[in-house]
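Take a look at the letters that make up each chain.
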Amino acid sequence: KPGKPVLTVILRNRCLSVSGTREKYFESGGKRYSHIMDPRTGAPVMGIISVAVITSTGTAGDALDNVLFVSGLKASHDLLREYPGTQAYFFLPSAASAWKLSILGQNRKR
């Protein structure tokens, strides 16, 4: 629902970056098409609503949120192993509700 938070995260010496299709998309033939394009296919990314990344720097998060969005949930699981302390929150379409959440990566331990 617009204006209602779906998730709250507490950041301490961390950065949050988000890529998503909540506002920039179009629907055709009952399908929702993203404004985020997959450079491998030249087509809009399908099946992901949003990706939020928590990492140590804003620059890393800004790059990773787009890469993870395009890579998808399965490939992102392996990719995040290269970025210790980084978490990714995938908001995915769900037939049972408006969306479902999948969390990848590790919590930063202090």
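Here is what the cut-offs are and how they apply
Residues numbered from 1 in each chain as written. Predicted model: local features only at pLDDT ≥ 70, side-chain atom pairs only at ≥ 80, totals over all residues. Heavy atoms only, no water. Helix = DSSP H or I, 4+ residues; strand = E, 2+ residues; numbered from the N terminus. Patch = residues over 30% accessible without salt bridge, like charges linked within 9 Å, V, L, I, M, F, W, Y side chains within 5 Å. Areas by Shrake-Rupley, 256 points an atom, 1.4 Å probe, with all protein chains shown as cover. Salt bridge = Lys/Arg side-chain N within 4 Å of Asp/Glu carboxyl O. Buried < 20%, exposed > 50% of the residue type's maximum accessible area, 1.4 Å probe, protein only. Phe/Tyr/Trp six-rings, centres within 6.5 Å; stacked < 30°, edge-to-face > 60°.

Chemist: Explain unusual backbone geometry to me, please; I cannot follow it from the model alone.
Modeler: Leave glycine aside and you will find that most residues have negative phi; peptide bonds, for their part, are mostly trans. Phi at N13 takes a positive value of approximately 55°, unusual for a residue other than glycine. Turning to its location among the elements, N13 is positioned in the segment before β1 (15-20).

Chemist: Help me understand a nonpolar patch on the surface in this model?
Modeler: Judged by side-chain polarity, V6, L7, L101 and I103 come together as a nonpolar surface patch covering roughly 320 Å² of accessible area. Checked against the element boundaries, V6 lands in the segment before β1. Accessibility expressed as a relative area gives 48% for V6, which makes it partly exposed.

Chemist: Looking at this model, I keep getting lost on the packing of aromatic side chains. Mind explaining?
Modeler: Each aromatic ring pair is described using two quantities: the centre-to-centre distance and the angle formed by the ring planes. Taken as a whole and assessed by the stated rule, the structure comprises two aromatic pairs. Look at F26 and Y33: their rings are 5.0 Å apart centre to centre, the planes differ by 15°, and that puts the pair in the stacked class. Here F26 falls in the partly exposed class, since its relative accessible area comes to 46%. On the basis of relative accessibility, which here comes to 22%, the residue Y33 falls in the partly exposed class.

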